[in-house]
Amino acid sequence: MALALAVVVALPTVAEECDGGPCQQRGVNGPVAGTRCVGPDDCKVDLTNATCTTDGGASSWPAPARGPACGCVKGACAYLWIEPVSCRVDADCALATEPVPHVIAAPPSKKKPRPFRPCKDGERQAVCVNQRCAIRAWSC
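Residues numbered from 1 in each chain as written. Predicted model: local features only at pLDDT ≥ 70, side-chain atom pairs only at ≥ 80, totals over all residues. Heavy atoms only, no water.

Asker: Where do I start with the pairing of strand β6 (residues 67–73) in this structure?
Answerer: Regular strands place their side chains on alternate faces of the sheet. For β6, the tally of buried residues reaches six of seven residues, placing the bulk of the element in the interior. With seven bridges joining them, β6 and strand β7 (residues 76–82) adopt antiparallel strand pairing. When the sheet's bridge partners are listed, G71 is paired in β7 with A78. (Buried < 20%, exposed > 50% of the residue type's maximum accessible area, 1.4 Å probe, protein only. Helix = DSSP H or I, 4+ residues; strand = E, 2+ residues; numbered from the N terminus. Pairing = 2+ DSSP bridges.)

Okay, structure coming up:
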């Protein structure tokens, strides 16, 4: 019994993230129980509890390059902690759209990536800027 209790206590549900500034609770990625939404502006970041809320909170639009973000996915708010992604070239970066648009590391591919065609392939493009993936928005 004591061993099982020690394991439960040793598994934190919320980690803290400190990067030269004030620490923030990291939270748990995924849908947030008890929230209902119809659009991205319905979901706000609850910084105190490291989750999403529909009552008050801070907007995560546009999504930050690092830190907490919330968006509406299939009628429920979804929480995401965004991490910076290192890169050398644009092909190292990819764009994920849920719960909010954010950059991720591109999956390895043996194919040569074809050039991005603004507005034809999308309004947002994942690019490598100063060895970090970023989002370039095109006005279409």
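Asker: What's the story with the pattern of salt bridges in this structure? I'm lost.
Answerer: Two side chains of opposite charge can pair, provided their charged atoms sit close to one another. Counting across every chain of the model gives four salt bridges. Across the pair D121 and R114 runs a salt bridge whose closest N-O atoms are separated by 3.2 Å. Residue D121 is classed as partly exposed on the basis of its relative accessible area, which comes to 29%. Since its relative accessible area comes to 55%, R114 is described here as exposed. Across the pair D121 and R117 runs a salt bridge, and its minimum N-O distance is 2.7 Å. Overlapping salt bridges, with partners in common, bring together R26, R66 and E83 in one network. (Salt bridge = Lys/Arg side-chain N within 4 Å of Asp/Glu carboxyl O.)

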